Amino acid sequence: MDPHYDAQDVARCDLCEIAIVQSYCDFCHVNLCKPCIGEHISDDYSKKHIIVPFQQRRTTPIYPKCEKHPNNTCKLQCKDCNIFLCTDCLASEQHNKEHKLSKLEEVFRQTKDHIHRDKEELKEEILPVYEEISTEIKNQIANLDVDYQKFTTQMSKHREELHREIDNAMNQREKEIDENKLKHLSILTKHLEEIKQLQSLMQESLHNLNEMEESNEVTPTIHYSSKNQEFSKLPPKVIVSMPKFIPKPIEKEELCSLIGKLTPLSSTLEERVFTAKKPNTLVRELLDEPEVLNTIKTGHEKLRSVTCLNEEEIWTSGQTTADIKCFNAQGVLQKTIKTKSGKWPRDIAVYSEGALVYSDVRTRTLYKVKNDQTEEIIRLQGWGPKQLCVTSSGDLLVTMFSDDKTQSKVVRYSGSTVKQTIQFDDDGQPLYSGNAYPKCITENRNLDICVADWGAGAVVVVNQAGKLRFRYTGPPSSTKNKPFKALGITTDSQSRILTSDGDNHCIHVLDVDGHFLRYIDNCDLESPTGLCVDNDDSLFVCEFRRGNVKKVRYLK
C-alpha cells in the first residue's frame, strides 16, 4: 500500500490478519497492530527488532556487517579506501586516521534521493518521449497502405491510356512498388522494434528503481549507478523518402522504358535530442504565519467562486443571484454582469486576454463574455456543466455530471471542440465520485489536472494525459474535528496545490506530488470555498456565509 497514492486502502496486521495496522518492524518487514507487537518480539529475541509507527516504515537503514568485527555494523565509509568501517575499526591502528570519512546514513539518504529523482525523470519525462516516438512510427506504418495506394491509383490511370499492350510492363512497376513498400515497412518495423527494446529496458530499470527505492539495504543502494543519461540519448529519427512515379507520354515503341519509373526508396537518420523540463528557478517559501492583507465585501450571499488575473479585476459569484461582480483589490465594485438565464452560475473563469467564461447547469451551457457581449460557446447534451478553469494553453477544462447523477468526468475543450475526456483510471474505475457535488478544477504549472472532489473527500490529480498520479484525502495525522472535504482549489507559481476545507475553516497546502505541507488556518477564515491565485501569488479566498473575499499573503 502506498499512503500517498491510495489513502483509501486499509492495511491489516500480518500476525492476526484482522486488526488495522499501527506499527511496523523495520527489521523483519512485518505489519503489526499494538496487541501483536509483544508476540512478534517474543518469537525471536535474538533479532534486533525495530518497531516504528506504520507511517515511518522502511525508514531505518540496514547497515552492513563489519568484515573484521562481525558483531558490529558499519556506519561509516572511508572515502580514500572505499570500504565500510565500524567504531572498532576506527579505534584500531589498522586504519589511517587521516583518511576522510563519510556517514553511511548521509550517503544512503543522498543516493535514495538520487534514485527517486531518476525514477521520476524516467517515468515522467523520458518514457513519455519514447511513447510519442513509438506512436509516431505506428502512425507511419498505419498510413503506408494509404500512401502507397496513391501510387497504385496513379499508375492504374496511366495503364488505361496504354491499354493492354503495356500490361506486363505495368505489372513490373507494381512489383517495384510492392518491393519498396516492403522495404519501407521493414525499415520502420526494425526502428519500432529498437524503440520497443529500449522501452523494455527502461521499464525494467524503472522496476529496479522502485525496488531499490523501497529497499533499506545500504550496500546495493549506495552502489547504485544511474542509467538515465544513457536513456536520455534518444535514438535517431528514421526518415524514409517516399518513391515517386514519373509517367512519360504514350508511345508504342519501347513501352517498358516509356511507362516511367519509381524513384528508389531511401532512408536517412535524423538526430533526436532529449530536452529535460526546466525547473522553476524562483523559489518562494511558505510564510510561518500567513496574513490577511485586505477583505473585499462582495454583498453575495453564499459566495462560491472567485477568479482573477490581476488585482484590477477580481470576479466573484454566489449561489443565490445571477450577478457576477467584478472588484478591484481595494474592494471597489467595477462592473456587474448578469447571467443570460437569470440563474446563478455554477462557476466562473477568466481567459488570458480578460474574457470571462461561466457555466449554467440549468441550460447545460457555457457562455463567454467579452466587451459586455455574451455568447454561447458550448451546449451539452446528457451532461450538466459544473466547475471550470482556463489552462495555460487557452483550453477550457470543465467538470460535468450525467443527467442521472451517477457519473462525473472532466472534458477539455479547444474552443467548442472536445480534445480530451478524463473519466476512468487504467483499471476502468471512475476517477471521480458519481454525483452532482462540486468538483472544482485547476491546472498546475506542470500541466497536472487537479480536481477537488467534495463528494469523495479527496483531491484527485491526473497528469496531462489523464493518468492518475495521486489522491489526497487529508494529512497523515489531523488536528481538525471534521472529515476533510475538498471544495475550492488553485495552484501557485511553485506548483503547490491549495484546497479549501470549509467544514474545518482552513486551507490545505500540498506540494506538487500531493504531500501535505501545512494548513492556512490562522486568518479567521469562515467556511472557505472558492480560491484563486493571481500572477503575483496573492491568494484570494471566498468566505461562503460572510460573502467576503480575503486577500492572503502566504509566501515569503
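Rules used in this analysis
The residue numbers shown here count from 1 along each chain, following its written sequence. Thresholds applied to this predicted model are a pLDDT of at least 70 for local features of residues and 80 or more for the giving and counting of side-chain atom pairs; totals over whole chains, interfaces and linings are not thresholded and use all residues. For the side-chain quantities, the full set of heavy atoms in the structure was used; hydrogens and water were omitted. How sure the predictor is of each residue is captured by pLDDT, a score from 0 to 100. Contact between two residues is taken to exist if any of their heavy atoms lie within 4.5 Å; hydrogens are not considered. Each pair of aromatic rings taken from Phe, Tyr and Trp, with Trp reduced to its six-membered ring, is defined by centres within 6.5 Å and is described as stacked if the planes are under 30 degrees apart, edge-to-face if over 60, and tilted in the remaining cases. A run of H or I in DSSP counts as a helix once it spans at least four residues, and a run of E counts as a strand once it spans at least two, with each numbered from the N terminus. Relative accessibility under 20% of the residue-type maximum defines a buried residue, over 50% an exposed one, and the middle range a partly exposed one, all with a 1.4 Å probe and only protein chains included. If DSSP finds at least two bridges between two strands, the strands pair. Helix axes are fitted only over the stretch in contact, all axes being lines through C-alpha atoms; the angle between N-to-C directions runs from 0 to 180 degrees. By arc we mean the arc of the directions from the helix axis to the C-beta atoms, nothing more. Here, nonpolar core refers to any group of buried Ala, Val, Leu, Ile, Met, Phe, Trp, Tyr and Cys residues whose side-chain atoms link them within 4.5 Å. His residues and chain termini do not enter the charge count, which takes Lys and Arg as positive and Asp and Glu as negative. Whenever Lys or Arg places a side-chain nitrogen within 4 Å of a carboxyl oxygen from Asp or Glu, that contact is recorded as a salt bridge. Each polar contact in these results corresponds to two N or O atoms within 3.5 Å; when the atoms are within protein, one needs to be able to donate a hydrogen and the other to accept it, and residues that are neighboring in sequence are counted only if both atoms are side-chain atoms.

Visitor: Looking at this structure, how should I read the confidence of the model for the protein?
Guide: The predicted coordinates ought not to be read in detail in places where the model reports low pLDDT. For the protein, per-residue confidence averages 87 on the pLDDT scale, and residues scoring 70 or more make up 93% of the total. In the model, residues 1-8 has pLDDT below 50 throughout and makes 15 contacts with residues more than four positions away in sequence or in other chains.

Visitor: Just checking my understanding: could you explain the packing of aromatic side chains for this structure?
Guide: Across all of its chains, the model carries five aromatic pairs by this definition. Aromatic pair Y24 and F54: ring centres 6.5 Å apart, planes at 65 degrees, arrangement edge-to-face. Residue Y24 is found in strand β1 (residues 23-25), and its partner F54 is found in the loop between β3 (51-53) and β4 (76-78); the two are separated by 30 residues along the sequence. In terms of burial, Y24 and F54 fall into one category: buried.

Visitor: What's the story with unusual backbone geometry in this structure? I'm lost.
Guide: Excluding glycine, residues mostly carry a negative phi; peptide bonds, for their part, are mostly trans. The phi dihedral of R364 falls on the positive side, at around 55 degrees, and the residue is not glycine. Along the chain, the position of R364 falls in the loop between β17 (356-360) and β18 (365-370). Using a relative accessible area of 29% as the deciding quantity, one classes R364 as partly exposed. Although it is not a glycine, D537 adopts a positive phi angle of roughly 65 degrees. Mapped onto the elements, D537 comes out in the loop between β32 (528-533) and β33 (539-543).

Visitor: What is the right way to read the sheet that holds β33 from this model?
Guide: Through backbone hydrogen bonds, the strands of a sheet pair up, either in parallel or in antiparallel fashion. A sheet is described by the order of its strands in space; here four strands give the open sequence β11-β34-β33-β32, paired in antiparallel fashion. On the outer flanks of this sheet lie β11 (286-297) and β32, each paired with one strand and no other. Averaged over all pairs of adjacent strands, the angle between strand axes in this sheet comes to 25 degrees, irrespective of strand direction. Here β32 pairs with β33 via four bridges, running antiparallel. Across the sheet, the residue bridging to L531 is V541, located in β33.

Visitor: What is the right way to look at helix α1 (residues 34-43) in this model?
Guide: Turn by turn, an α-helix covers 3.6 residues, leaving residues three or four places apart pointing in a common direction. Every buried residue of α1 is listed here: C36, I37 and H40. Buried residues of α1, seen end-on, are gathered within an arc of 120 degrees and therefore sit on one face of the element. Turning to α1, the residues buried within the fold contact β1, β2 (30-32) and β3.

Visitor: So what exactly am I meant to see when it comes to the nonpolar core here?
Guide: General note: in soluble globular proteins, nonpolar side chains tend to be found buried as a group. Among the nonpolar cores identified, the biggest contains 27 residues, and L122, I126, Y130, I137, Y148, I177 and M202 are the most heavily contacted of them. Elements represented by at least two residues in this core include exactly α3 (104-162), α4 (167-214) and β7 (237-241). Among the elements that line this core, the one with the most residues is α3, at 11 residues. Contacts of Y148, omitting those with residues within four sequence positions, involve I177, N180, K181, H184, M242, P243 and L265. Listed in part, the 15 residues of the second largest apolar core include A349, L366, L388 and V411.

Visitor: I'm lost on the side chain of E443 in this one. Help?
Guide: Structurally, E443 can be placed in strand β24 (residues 439-443). Despite its burial, E443 remains without a salt bridge, the nearest opposite charge being carried by R412 at 4.5 Å. Here the side chain of E443 touches S392 through a polar contact of 2.8 Å, landing on its backbone nitrogen. Not counting residues within four places of it along the chain, the set of residues in contact with E443 comprises C389, T391, S392, R412, D448 and T491.

Visitor: Is there a simple way to explain the side chain of K119 in this structure?
Guide: Inspection of the secondary structure puts K119 in helix α3. Under the relative-accessibility criterion, K119 is labelled buried at 11%. Not counting the four nearest positions on each side in its chain, K119 is found in contact with L206, L209, N210 and E213.

Visitor: How do you make sense of the sheet that holds strand β5 (residues 83-85) when you look at a structure like this?
Guide: On the basis of which strands lie adjacent, the open sheet formed by three strands has the order β5-β4-β6 and antiparallel pairing. Each having just a single partner strand, β5 and β6 (101-103) make up the two edges of the open sheet. Averaged over all adjacent pairs, the angle separating strand axes in this sheet is 35 degrees, with direction ignored. Across three bridges, the pairing between β4 and β5 is antiparallel. Looking at the pairing, C78 lines up with I83 of β5.

Visitor: Looking at this structure, how should I read the pattern of salt bridges?
Guide: When the charged atoms of two side chains with opposite charge come close together, those side chains can pair. According to the stated counting rule, one finds 24 salt bridges in the structure shown. Linking E213 and K119 is a salt bridge whose minimum nitrogen-to-oxygen distance equals 2.7 Å. Here E213 is found in helix α4, whereas its partner K119 is found in helix α3, with 94 residues between them in sequence. For K338, the salt bridge is made with D323, and the minimal N-O distance between the two is 2.6 Å. Taken together, the residues span a long stretch of sequence, with K338 in strand β15 (residues 333-338) and D323 in strand β14 (residues 323-327) at a distance of 15 residues. Members of the salt-bridge network, linked through shared partners, are D524, E543, R546 and K550.

Visitor: Could you clarify how one ought to interpret the environment of V350 in this entry?
Guide: By the element assignment, V350 lies in strand β16 (residues 347-350). Classification of V350 by relative accessible area gives buried; the value is 10%. Not counting the four nearest positions on each side in its chain, V350 is found in contact with T307, L309, W315, A355, L356 and V390.

Visitor: Please clarify how the environment of I222 should be interpreted in this entry.
Guide: By secondary structure assignment, the location of I222 is in helix α5 (residues 218-222). Overall, the relative accessible area of 14% leaves I222 in the buried class. Sequence-wise, I222 and K370 are 148 residues apart; in three dimensions their C-alpha atoms are separated by 59 Å. For I222, the contacting residues outside a window of four places in its chain are Q77, F84, L104, V107, F108 and T111.

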